[in-house]
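So the chains spell out like this:
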Amino acid sequence: MAKVITQATFDDVVKENMVEFEMSAEEAVNDAVEQFQSQGVNLLNIIQDPSLYGSDGEKKELPVISALNSLKSSLSANKEEDILQVLAQLKLECDKDLAVRCTAGNNDAYNTLLQAVEKYKDNLSLLKQTLLSMISLTNGQPDLLDNKGKELFLELLELHSSNPEVLELALLFMRNTCIKHEANRQSFVKLGLIEKLASILKTHRSQANIVMVTCQTLQVLTFDDDIRVLFGQAHEHAKMIVTEGNALKLIIDLCKDFKEKPEVMSELFATISKLVVRNEFCQAVMEMGGIHLILSAFQDSIAKKDIAKQALSVTKALAGNDNVKEAVVQNGGVQVILAAMTKHQANPRIAELGAATLGAIVLRNESNCKRVMELNAHHVLLQAMKIHSQDVNVQRQCCMAIRNLVARTREYCNLFLELGAESLIQDAQRNHKSCQDETKAALRDLGCEVHLEERWKGENKGLAQ
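Residues numbered from 1 in each chain as written. Predicted model: local features only at pLDDT ≥ 70, side-chain atom pairs only at ≥ 80, totals over all residues. Heavy atoms only, no water.

Caption draft 1: Local environment of the overall build of the protein chain. Within the protein chain, the regular secondary structure consists of 27 helices and zero strands. Referenced to the eigenvectors of the C-alpha coordinate spread, the extents of the protein chain come out at roughly 80 × 60 × 55 Å. Looking at the 465 residues of the protein chain, the share that counts as buried comes to 52%. The long-range share in the protein chain, meaning contacts at least 24 apart out of those at least 6 apart in sequence, stands at 71%. Summed over its atoms, the accessible surface of the protein chain is roughly 22,300 Å², and 46% of this surface lies on carbon and sulfur atoms. Across the protein chain, the mean location of the 51 positive side-chain charges is 6 Å away from that of the 62 negative side-chain charges. (Helix = DSSP H or I, 4+ residues; strand = E, 2+ residues; numbered from the N terminus. Buried < 20%, exposed > 50% of the residue type's maximum accessible area, 1.4 Å probe, protein only. Contact = heavy atoms within 4.5 Å. Areas by Shrake-Rupley, 256 points an atom, 1.4 Å probe, with all protein chains shown as cover. Lys, Arg positive; Asp, Glu negative; His and termini not counted. Charge placed at Lys NZ, Arg CZ, Asp CG, Glu CD.)

Printed below as a string of structure tokens:
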């Protein structure tokens, strides 16, 4: 784990450099940075601006601290115009970088802003500006949220249920505080956030911004990104969103309403891909006409990279269901996938997702393999491997797709080999140590020579009794 220091420790070293070694402020800061980095110290939370040091090495008051002190004074005096101005200034400072936000957080900014939210929750102009400042402050700092804040923000969703602007800001704050923080996610779910989000989607289904931020908040509840937690509740939360919030039907219906808005469709697709964690959920999406909707939107917006990525991601997620695989092929999904991979062939993420989706569609399905090969998928896959030879994820997914295409239909091996698949896979094997299993599986099923290692032979030690 990386070491960390306080801002005061960093400032002391800068001052010593300036006083003892007569360095300029810029030289002193650069030297301090080099010293700490050589010791393995993480300086992301440290402000390193030379202009903040006087000629004597003393630190001037930071602009973010000045803004925070002014806010506290203005709140005490209840001067609304001054409060609005200083809130805007605080937001501007917090938007600079994480180090400034950490400094603000360490100087009671969260409690000060929470006090303002509570005090002015009925004053729309002050409330909105306070929420903007809180969103900036908590960007990358989810630990600041406490139980009082969770309850207050859930109260705001009720109090301003008919105000899209306040709802959007409150949800952005909640999303911020759930990223990389499993405890916050679980607390919000226990406090009934899923039901409230479902209600917001129903009530404000015509508001594009609200639909997008609500979907983003639902997605965050299914994340498993907190390295401090051994086992999260991502799968359980996804299941609750579908079963308790009836989210799949809500989102499929919204897809019909926002067919002309690719940016909204992209978020709706991303949400579906996070929710279809069970076979019956994939089946339900298909039965509600979701496959046709997704592929139609994909085809209509194929030139847009964002929607192409999300459409591929959701199609891959749904293709875990055998009936969905058939439906994707029957609805022309393979043609759209290959067209997207060709149109955006320079984009590694689309190449990766396209290969992964093809691999899922053809897995244990010979008729799908036949259709995919008839459409020259082998050309597209090998071209992706050539273009993105240094991208391990593209190489891995292409190898898996090749393996799935030939594992049960060996008659297609020569089509790949004639295009140089063996040398491409061998290059991937040499260049990327983390995809050895995938490259060896592809080579094996193509009938190529492959060196397989016995990683453990069970020798020397008996089984524990």
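Caption draft 2: Local environment of the packing of helix α19 (residues 322-330) against helix α22 (residues 366-374). Interaxial distance between α19 and α22 falls to 11 Å at its minimum, and their mutual angle equals 25°. Here α22 runs roughly parallel to α19, going by the angle between their axes. Remark: the crossing between α19 and α22 carries left-handed chirality. Of the residues in α22, those touching α19 at Lys-325, Glu-326 and Val-329 are Ser-367, Asn-368 and Arg-371. Residue classes in the contact of α19 with α22 are distributed as one nonpolar, two polar and three charged. (Axes fitted to C-alpha atoms, helices over the stretch in contact; angles between N-to-C directions. Parallel < 35°, antiparallel > 145°, perpendicular 65-115°, else oblique. Left-handed = near helix turned anticlockwise from the far one by under 90°. Nonpolar A, V, L, I, M, F, W, Y, C, P; charged D, E, K, R; others polar.)

Caption draft 3: Inspection of helix α11 (residues 193-203) at higher detail. Among all positions of α11, only Leu-193, Ile-194, Lys-196, Leu-197, Ala-198, Ile-200 and Leu-201 are buried. Summarising the contacts, the buried residues of α11 are in contact with α8 (147-159), α9 (164-178), α10 (182-190), α12 (208-221), α13 (234-243) and α14 (247-257).

Caption draft 4: Seen up close, the pattern of salt bridges. Scanning the model with the defined rule gives 25 salt bridges in all. Here Arg-396 makes a salt bridge to Glu-438, at a shortest N to O gap of 3.6 Å. One end of the pair, Arg-396, is in helix α24 (residues 392-406); the other, Glu-438, is in helix α27 (residues 436-446), and 42 residues separate them in sequence. Residue Glu-438 is classed as buried on the basis of its relative accessible area of 19%. (Salt bridge = Lys/Arg side-chain N within 4 Å of Asp/Glu carboxyl O.)

Caption draft 5: Focus on the layout of surface pockets. Here the largest pocket defines a volume of roughly 970 Å³. Along the wall of the largest pocket there are 24 residues; nearest its centre are Leu-98, Gly-140, Pro-142, Asp-143 and Lys-180. The biggest single contributor to the lining of the largest pocket is helix α5 (residues 98-106), with four residues. Broken down by class, the residue content of the lining of the largest pocket amounts to ten nonpolar, nine polar and five charged. (1 Å grid on protein atoms, 1.4 Å probe; cavity = no way out; pocket = protein on both sides within 12 Å on 5 of 7 lines; lining within 4 Å. Points joined across faces, edges and corners; volume = space filled by probe spheres on them.)

Caption draft 6: Summary view of α5. The element α5 is largely enclosed, with a buried count of seven among its nine residues. Looking at the packing, one finds that the buried side of α5 touches α1 (7-20), α3 (63-77), α4 (80-94), α6 (109-119) and α7 (124-137). One side-chain oxygen of the residue at the start of α5 lies 3.1 Å from the amide nitrogen of Ala-99, identifying that residue as Asp-97. Looking one or two places after α5, you find Asp-108, whose phi comes out positive at around 70°. (Polar contact = N/O pair within 3.5 Å; in protein donor to acceptor, adjacent residues only side chain to side chain.)

Caption draft 7: Spatial organisation of the packing of aromatic side chains. Going through the model one piece at a time under the given rule, you end up with two aromatic pairs. With centroids separated by 6.1 Å and ring planes inclined at 35°, the aromatic side chains of Phe-10 and Phe-36 adopt a geometry described as tilted. Of the two residues, Phe-10 is situated in helix α1 and Phe-36 in helix α2 (residues 25-38); the sequence distance between them amounts to 26 residues. The same class applies to Phe-10 as to Phe-36, namely buried. With 3.9 Å between their ring centres and 15° between their planes, Phe-153 and Phe-173 make a pair best called stacked. Here Phe-173 lies in helix α9 and Phe-153 lies in helix α8, a separation of 20 residues in the sequence. (Phe/Tyr/Trp six-rings, centres within 6.5 Å; stacked < 30°, edge-to-face > 60°.)

Caption draft 8: Representation of the packing of α14 against helix α15 (residues 262-275) within the structure. Taken N-terminus to C-terminus, the directions of α14 and α15 make an angle of 155°; their axes are 10 Å apart at the nearest point. With respect to α15, the element α14 is oriented roughly antiparallel. When the axes of α14 and α15 are compared, the crossing they make is left-handed. Note on element contacts: α15 touches α14 through Met-265, Leu-268, Phe-269, Thr-271, Ile-272 and Leu-275, opposite Ala-247, Leu-248, Ile-251, Ile-252, Leu-254 and Cys-255. Of the residues belonging to the contact of α14 with α15, the class tally is eleven nonpolar, one polar and no charged.

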